[in-house]
Amino acid sequence: MFHLLHVLLVSYLVACNALDRHFLRPISDSDLHPADGVSCESWQFGVETNNVRDWKHVPNACEDYIGHYMLGGHYRSDSAVVVTEAIKFAEAFELVGDGKDVWIFDVDETTLSNLPYYAANGFGVEPYNSTAFNEWVNQSAAPALPESLKLYKKLLSLEIKVIFLTGRREPTREATSTNLQSAGFHTWEKLLLKGVDVKTNSLVFKSGERKKLVEQGYRIVGNTGDQWSDLLGSPEGNRTFKLPDPMYYVA
Ligand SMILES: *[C@@H]1O[C@H](CO)[C@@H](O)[C@H](O)[C@H]1NC(C)=O
Ligand SMILES: *[C@@H]1O[C@H](CO)[C@@H](O)[C@H](O)[C@H]1NC(C)=O
Ligand SMILES: *[C@@H]1O[C@H](CO)[C@@H](O)[C@H](O)[C@H]1NC(C)=O
Ligand SMILES: [Mg+2]
């Protein structure tokens, strides 16, 4: 099991030009297991449908399963379905065309992938170490999620402007901006980060920012995120698109 994961991980890291090789660290201190008779696929389905909420880490028994999902082709394939539908929707949408039609993207696990970080630190890592994560963010080394990059390019060609709305904090603005550009997201209307003093959760913060955008005259055509907290809350925009993320939960 470990060897197959290792092979997948190394080929993944080669594919995204990562310089370092990272290895999956088994998590042994977890007492979380799916209930008897419940498969990891069922747990994952519960997560993606927002039925399983407020989970702190991937159940220990599912770490290998989630590792394979992320590093093999399944994560990419699920993301491709989301993006295909988003492109169909965007192409058919009747835009006003005054430069105020916008599409919102979250950053982490939506446009940029932190898979090298999670692969190195374990898919079941807990507690979340914000210092370690921000060190990684400051490297500006996260690869693009290829399906989202495809959607991004399509939206620009349709003259829909892109707004990045992230729970990353203001001090990481430069690192995030550098990373987005080097990953291929060259231009945007706005890059909205969370201020250092903002205490509200992601759902409240992000819906509040969307409300401000609407008040500024923007029309939110679509919104893409890996967390339900990226998408829920008024105003939602004309459609939301949920990307897969079985690695962590953000309220
Ligand atoms: C969090 O990460 C930092 C930086 O890598 C490390 O120095 C620190 O020991 C970590 N904290 C915990 C609780 O693991
Ligand atoms: C990341 O960079 C920002 C901006 O330079 C800095 O304020 C912050 O302390 C850095 N974080 C870490 C964990 O290195
Ligand atoms: C898009 O959403 C706005 C705001 O809710 C609404 O007024 C408009 O009719 C919607 N457009 C379409 C085509 O559904
Ligand atoms: Mg995210």
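Note that the structure is predicted; figures quoted are calculated from it, not measured.

## Some details on helix α9 (residues 202-215)
Part 1 of the argument: Helix length check: α9, at 14 residues, gives a terminal C-alpha distance of 20 Å against a target of 20 Å (1.5 Å per residue), a fit within 8%.
Part 2 of the argument: Listed in full, the buried residues belonging to α9 are Ser202, Phe205, Lys206, Ser207, Glu209, Arg210 and Leu213.
Part 3 of the argument: Tucked into the core, α9 has its buried residues touching β1 (101-105), β2 (161-169), β3 (190-194) and β4 (219-225).
Part 4 of the argument: The N-capping residue of α9, defined by a side-chain oxygen 3.2 Å from the backbone nitrogen of leucine 203, is asparagine 201.
Part 5 of the argument: Glycine 217 sits one or two positions beyond α9 and adopts a positive phi of about 95°.

## Topic: the layout of surface pockets
Part 1 of the argument: Quantified by volume, the largest pocket comes out at close to 860 Å³.
Part 2 of the argument: Around the largest pocket sit 33 residues that line it, and Tyr118, Tyr128, Tyr248, Tyr249 and Val250 are the ones nearest its centre.
Part 3 of the argument: Residue assignment for the lining of the largest pocket shows that the elements contributing at least two residues are α6 (130-138), β2 and α9.
Part 4 of the argument: Top contributing element to the lining of the largest pocket by residue count: β2, with four residues.
Part 5 of the argument: Of the residues in the lining of the largest pocket, the class split is 13 nonpolar, nine polar and 11 charged.

What counts, and where the lines are drawn
Residues numbered from 1 in each chain as written. Chains lettered and ligands numbered in written order. Predicted model: local features only at pLDDT ≥ 70, side-chain atom pairs only at ≥ 80, totals over all residues. Heavy atoms only, no water. Helix = DSSP H or I, 4+ residues; strand = E, 2+ residues; numbered from the N terminus. Expected span 1.5 Å × (residues − 1). Buried < 20%, exposed > 50% of the residue type's maximum accessible area, 1.4 Å probe, protein only. Contact = heavy atoms within 4.5 Å. Polar contact = N/O pair within 3.5 Å; in protein donor to acceptor, adjacent residues only side chain to side chain. 1 Å grid on protein atoms, 1.4 Å probe; cavity = no way out; pocket = protein on both sides within 12 Å on 5 of 7 lines; lining within 4 Å. Points joined across faces, edges and corners; volume = space filled by probe spheres on them. Nonpolar A, V, L, I, M, F, W, Y, C, P; charged D, E, K, R; others polar.

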